[in-house]
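# An overview of the molecular structure
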Amino acid sequence: MGKTSIQDQKTSSISKKNKVSLRIENVVASINLGIELSLEKILEKYKDIEKKNNFPGLVAKINIPKATILIFASGKLVCTGVRLPRDIPIVVSKIVGRIEKAGIKIEEEPIVKIENIVVRGDFHQSINLDITSLILDSAIYEPEVFPGLIYKIADPKICFLIFSSGRIIVTGSNNEDIIKKSVKKLAITLKDNGVLGENGMKEEKDLDILDL
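Here the structure is a predicted model, which is why all the values come from computation and not from measurement.

Helix and strand counts for the protein chain stand at five helices and ten strands. Relative to its full complement of 212 residues, the protein chain shows a buried share of 38%. Long-range pairs, those at least 24 residues apart, make up 61% of the contacts in the protein chain between residues at least 6 apart in sequence. Carbon and sulfur atoms form 50% of the exposed surface of the protein chain, whose accessible area is close to 12600 Å².

What follows is the structure, given as structure tokens:
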């Protein structure tokens, strides 16, 4: 196999200038079973479901797909640690099955809502956070307290953590398409103000989203 030339490396680097890699790190969902639960029954049935000190609910874990579920006596559950939104129904089916095997009948269809999707991203180029803090309205940048810039937007409701390395963390939204569009809009703003790569990016189609 031939070695990668310096020119090939440069070409690869340039090709990433208008690309951002995105990867889902965590999906948080709420589940309402519509009935009150006997936590004692669940604890008696399962040794691997825990009752933490000073915590009002139970903690259950599922290996495939990987997830942590918080179970409360009110019949409300919180699912976290899932990497893909499409895996949420699988997790719900598995945890409902376990609860029913503890002798608790669940007659209604669970109400499931994705509350938050946490995404990690990379612009593949550095960002000047000092200038960025002046460009973005309501941006907070205090490097002596936290190395990243915090940028919140109200519509759609999203929070960005932006780092000088070009990496970002996106949280606050429960919709993948909204996350993609918000990241593209941020990239266009940064590029047009000269803090991210070259100027000239005017439309969302000029930026490719990878991996999400």
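Following the structure, the description resumes.
On to unusual backbone geometry, then. A cis geometry characterises the amide bond from Ile64 onward to Pro65, with omega recorded as -10 degrees. Inspection of the secondary structure puts Pro65 in the loop between strand 3 (58-62) and strand 4 (67-71). Although it is not a glycine, Asn54 adopts a positive phi angle of roughly 60 degrees. Inspection of the secondary structure puts Asn54 in the loop between strand 2 (50-51) and strand 3. Residue classification places Asn54 among the exposed residues on the basis of a relative accessible area of 83%.

Burial analysis of strand 8 (residues 158-162) places five of its five residues in the buried class, which makes it a mostly covered element. Taking every second residue as pointing to the same face, both faces of strand 8 are buried, with Ile158, Phe160 and Ile162 on one and Cys159 and Leu161 on the other. Here five bridges tie strand 7 (residues 149-153) to strand 8, and the two strands are oriented antiparallel to one another. Of the residues in strand 8, the one forming a bridge with Lys152 is Cys159. What sits between the antiparallel neighbours strand 7 and strand 8 is a turn of four residues. Linking strand 8 back to strand 9 (residues 167-173) in an antiparallel pair, the connection comprises four residues, with Gly166 at a positive phi of about 100 degrees.

For the rest of this paragraph, the subject is the pairing of strand 4. Along strand 4, four of the five residues are buried, which leaves the element largely enclosed by surrounding structure. Both strand 3 and strand 4 contribute to a ladder of five bridges, which runs antiparallel. Looking at the pairing, Ala60 lines up with Ile69 of strand 4. Here strand 3 folds back onto strand 4, and the loop between the two strands holds four residues. Bridge count for strand 4 against strand 5 (residues 76-82) is four bridges, and the pairing is antiparallel. Each bridged residue has a counterpart across the sheet, and for Ile69 the counterpart in strand 5 is Cys79. Remark: four residues form the turn of the hairpin made by strand 4 and strand 5, two consecutive strands paired antiparallel; Gly75 in that turn has positive phi of roughly 90 degrees.

The next subject is helix 3 (residues 88-101). The terminal C-alpha atoms of helix 3, which comprises 14 residues, lie 20 Å apart, in line with the 20 Å expected from a rise of 1.5 Å per residue. Inspection of helix 3 places Ile88, Val91, Val92, Ile95, Val96, Arg98 and Ile99 among the buried residues, and these make up the whole buried set. Looking down the long axis of helix 3, one finds its buried residues gathered within 160 degrees of arc, a one-sided arrangement. More than 90 degrees from the buried face of helix 3, the exposed residues found are Pro89, Ser93 and Lys101. A positive phi of about 90 degrees marks Gly103, the residue just after helix 3.

Once that is clear, we can look at the packing of aromatic side chains. Counted under the stated rule, the structure contains three aromatic pairs. Summarising the aromatic geometry, the rings of Tyr151 and Phe160 are spaced 6.0 Å apart at their centres and angled 15 degrees between planes, so their arrangement reads as stacked. A relative accessible area of 0% means that Phe160 is categorised as buried. A cation over a ring is seen here: Arg98 above Tyr46, with NZ or CZ 4.1 Å from the ring centre.

Turning next to the pattern of salt bridges. Evaluated as defined, the whole model comprises five salt bridges. Note that Asp48 and Arg98 form a salt bridge whose closest N and O atoms lie 2.9 Å from each other. Here Asp48 is found in the loop between helix 2 (39-45) and strand 2, whereas its partner Arg98 is found in helix 3, with 50 residues between them in sequence. Using a relative accessible area of 45% as the deciding quantity, one classes Asp48 as partly exposed. Through salt bridges with shared partners, a single ionic network connects Arg23, Glu25 and Arg120.

How each quantity is defined
- Residues numbered from 1 in each chain as written.
- Predicted model: local features only at pLDDT ≥ 70, side-chain atom pairs only at ≥ 80, totals over all residues.
- Heavy atoms only, no water.
- Helix = DSSP H or I, 4+ residues; strand = E, 2+ residues; numbered from the N terminus.
- Buried < 20%, exposed > 50% of the residue type's maximum accessible area, 1.4 Å probe, protein only.
- Contact = heavy atoms within 4.5 Å.
- Areas by Shrake-Rupley, 256 points an atom, 1.4 Å probe, with all protein chains shown as cover.
- Pairing = 2+ DSSP bridges.
- Expected span 1.5 Å × (residues − 1).
- Arc of directions from axis to C-beta.
- Phe/Tyr/Trp six-rings, centres within 6.5 Å; stacked < 30°, edge-to-face > 60°.
- Lys NZ or Arg CZ within 6 Å of the ring centre and 35° of its normal.
- Salt bridge = Lys/Arg side-chain N within 4 Å of Asp/Glu carboxyl O.

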